[in-house]
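Here's the letter readout for the chains.
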Amino acid sequence: MIRRSDFPKDFIFGTATAAYQIEGAANEDGRGPSIWDVFSHTPGKTLNGDTGDVACDHYHRYKEDIQLMKEIGLDAYRFSISWPRIMPDGKNINQKGVDFYNRLVDELLKNDIKPFVTLYHWDLPYALYEKGGWLNPDIALYFRAYATFMFNELGDRVKHWITLNEPWCSSFLGYYTGEHAPGHQNLQEAITAAHNLLRAHGHAVQAFREEVKDGKVGLTNVVMKIEPGDAKPESFLVANLVDKFVNAWFHDPVVFGKYPEEAVALYTEKGLQVPDSDMNIISTPIDFFGVNYYTRTLVVFDMNNPLGFSYVQGDLPKTEMGWEIYPQGLFDMLVYLKERYKLPLYITENGMAGPDKLENGRVHDNYRIEYLEKHFEKALEAINAGVDLKGYFIWSLMDNFEWAYGYSKRFGIIYVDYNTQKRILKDSALWLKEFLKS
Ligand SMILES: N#[N+]C[C@@H]1[C@@H](O)[C@H](O)[C@@H](O)[C@@H]2O[C@H]12
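Residues numbered from 1 in each chain as written. Predicted model: local features only at pLDDT ≥ 70, side-chain atom pairs only at ≥ 80, totals over all residues. Heavy atoms only, no water.

Naming follows an unreviewed UniProt entry, where the protein appears as Beta-glucosidase of Fervidobacterium pennivorans. Turning to the protein, the UniProt annotation filed under Catalytic activity (unreviewed entry) states: "Hydrolysis of terminal, non-reducing beta-D-glucosyl residues with release of beta-D-glucose." Turning to the protein, the UniProt record has this under Pathway (unreviewed entry): "Glycan metabolism; cellulose degradation." (UniProt positions renumbered as here; feature names shortened; annotations may be inferred.)

What follows is the structure, given as structure tokens:
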């Protein structure tokens with residue numbers, strides 16, 4: 001049985017959330033609309049038309065939620081700042097929004113919980129979208145101004161910062177598949193948006209070096225273990241290529257200052273433009289990569305797909321998201337990232353959506369305890385294999401707005417009754433509480 005004491009003494013355990021998924025108070029105290037406010041209010045974009053208008057009402061209940069974090073015994077808490085709560089029009093400051101995050105940080109510190117702050121977790125101010133959003137090169141400078149302001153505001157107390165959460169999702173789900181806000185479906189736009197997201201990241205890192213001398217800054221990517229879905233040689237080839245599209249595309253420029261050549265070649269072959277501006281800014285050195293790991297992705301060669309591959313379902317047990325439970329992929333990707341980029345790592349998200357049912361005031365989510373134990377074991381294995389892994393944030397602290405899936409998917413270790421906003425520690429939270437003492 002894995003124990004907390006098996007991990008390095010200074011290893012931190014925490015949980016993660018994001019502003020639009022938990023805060024609510026969408027139209028309160030001067031907050032402006034984000035692209036997700038508009039997207040979720042557009043009929044047909046989210047399950048049941050669910051929105052983040054109220055969510056978990058964390059904006060008002062943050063003290064109660066921090067008490068629950070303390071009861072569990074968390075070392076740290078990763079949350080995101082709502083850019084449109086700080087700058088409703090993308091430029092001018094909304095002081096009430098700033099005040100909220102000062103209160104949140106102070107309450108965390110008062111309870112000995114270390115804040116890890118994500119500057120951007122998908123809720124772009126709609127006012128900036130109207131100026132072109134991630135397709136407008138100027139967005140990087142708007143982001144730099146926002147980042148500089150937040151570093152100045154919170155940098156005396158917050159020493160761990162993440163510029164972007166999963167730019168792959170913001171660009172490819174937001175601009176290619178259209179599953180996420182702003183719901184475009186244009187591959188060239190996705191490539192352009194990805195580049196401007198990385199430019200924004202680089203500008204924020206430069207600002208960080210000027211504003212927060214004793215802090216650490218990194219980038220969080222979704223990291224998928226890409227494997228061939230059958231034994232055909234061409235499926236092994238496409239698996240390597242998809243790894244470049246999804247993983248290397250958002251890591252290589254940040255460390256090496258260039259995109260993976262195989263992927264650039266394929267895009268170019270398809271007549272797509274791959275930007276190369278500001279690679280020096282994009283590759284401004286960072287202190288760590290954040291790793292959001294959930295599952296593996298199986299791909300097979302498919303001439304009918306514009307990029308030559310298609311996804312296939314694996315036969316391992318799956319979560320409520322239909323994602324295979326594959327702890328080995330966490331180990332594999334941690335070692336891969338260490339060997340390729342030689343940077344410290346934090347697991348900034350790992351967790352599962354489960355068939356959580358409230359029964360007599362309890363949620364017996366043993367499947368989630370097993371999931372976490374197996375992934376903790378693989379994280380420890382990676383540390384013992386030489387990976388400089390510094391922490392592990394469970395997704396998520398509490399059930400929340402799961403983007404296009406609305407409130408249908410429960411990832412939390414704390415159950416949220418959305419009718420009453422009552423929080424109930426699931427068995428996984430009780431297990432974690434004991435683990436953190438072990
Ligand atoms: N889906 N899913 C769960 C989770 C999502 O809720 C987070 O906001 C993202 O950072 C990442 O996709 C992972």
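Peer 1: Hey, could you run me through the overall build of the protein in this one?
Peer 2: Each helix and strand in the protein was counted, giving 15 helices and 13 strands. The C-alpha atoms of the protein give a radius of gyration of 20 Å, which matches the 22 Å a tight globule of 438 residues would have. C-alpha extents for the protein along the principal axes are approximately 55 × 50 × 45 Å. Each of the 438 residues in the protein was classed as buried or not, and the buried ones make up 62%. Across the protein, every contact between residues at least 6 apart in sequence was considered, and the portion connecting residues at least 24 apart equals 76%. Working note: accessible area of the protein is about 16200 Å², and carbon and sulfur atoms make up 51% of it. (Helix = DSSP H or I, 4+ residues; strand = E, 2+ residues; numbered from the N terminus. Rg over C-alpha atoms; globule rule 2.2 N^0.38 Å. Buried < 20%, exposed > 50% of the residue type's maximum accessible area, 1.4 Å probe, protein only. Contact = heavy atoms within 4.5 Å. Areas by Shrake-Rupley, 256 points an atom, 1.4 Å probe, with all protein chains shown as cover.)

Peer 1: Would you mind going over the sheet that holds strand S2 (residues 76-80) with me for this structure?
Peer 2: In any sheet, the strands associate via hydrogen bonds between backbone groups, in a parallel or an antiparallel arrangement. Read around the closed barrel, the eight strands follow the order S1-S2-S3-S4-S5-S7-S10-S11; overall the barrel is parallel. Pairs of neighbouring strands in the sheet enclose a mean axial angle of 25°, with direction left out of account. Taken strand by strand, helix H10 (residues 233-256) contacts strand S5 (216-222) and strand S7 (288-292), and its axis lies near 160° from that of S5. (Pairing = 2+ DSSP bridges. Axes fitted to C-alpha atoms, helices over the stretch in contact; angles between N-to-C directions.)

Peer 1: Hey, could you run me through the packing of aromatic side chains in this one?
Peer 2: The way to describe two aromatic rings as a pair is by their centre distance and the angle between their planes. Counted according to the given criterion, the structure contains 50 aromatic pairs. The interplanar angle of 65° and the centroid separation of 5.0 Å between the aromatic rings of Phe11 and Phe13 together place this pair among those described as edge-to-face. Assessed through its relative accessible area of 2%, Phe11 is described here as buried. Taking the relative accessible area as the measure of exposure, Phe13 reaches 1% and is therefore buried. (Phe/Tyr/Trp six-rings, centres within 6.5 Å; stacked < 30°, edge-to-face > 60°.)

Peer 1: Would you take a moment to explain the site of the ligand for this structure?
Peer 2: Around the ligand there are 14 residues in total, and Gln21, His121, Glu349, Glu402 and Trp403 lie nearest to it. Gln21 has a polar side-chain atom sitting 2.7 Å from an oxygen atom of the ligand. Within the side chain of Glu402, a nitrogen or oxygen atom sits 2.7 Å from an oxygen atom of the ligand. Calculation on the ligand without its partners gives an accessible area of 320 Å², and the protein chains cover 94% of this total. Its residues placed into classes, the shell around the ligand shows seven nonpolar, four polar and three charged. (Near = heavy atom within 4 Å. Polar contact = N/O pair within 3.5 Å; in protein donor to acceptor, adjacent residues only side chain to side chain. Nonpolar A, V, L, I, M, F, W, Y, C, P; charged D, E, K, R; others polar.)

Peer 1: What is the right way to read the UniProt feature "active site" (unreviewed entry) in the protein from this model?
Peer 2: Look at the UniProt record and you will see "active site" (unreviewed entry) annotated at Glu166 and Glu349. Maximum C-alpha separation among the annotated residues is 10.6 Å over a sequence range of 184 residues, consistent with a single clustered spot. Turning to its location among the elements, Glu166 is positioned in the loop between strand S4 (160-165) and helix H8 (167-175). Take Glu166: its relative accessible area is 5%, and that puts it in the buried class. Not counting residues up to four positions away in its chain, the partners in contact with Glu166 are Trp122, Thr220, Asn221, Val222, Asn292 and Glu349. With respect to the helices, strands and loops of the structure, Glu349 is situated in strand S10 (residues 345-350). Take Glu349: its relative accessible area is 5%, and that puts it in the buried class. What Glu349 contacts, discounting residues up to four positions off in sequence, is Ala16, Arg78, His121, Asn165, Glu166, Val291, Asn292, Tyr293, Tyr294, Phe393 and Trp395. At a separation of 3.0 Å, a polar atom in the side chain of Glu349 contacts the side chain of Arg78.

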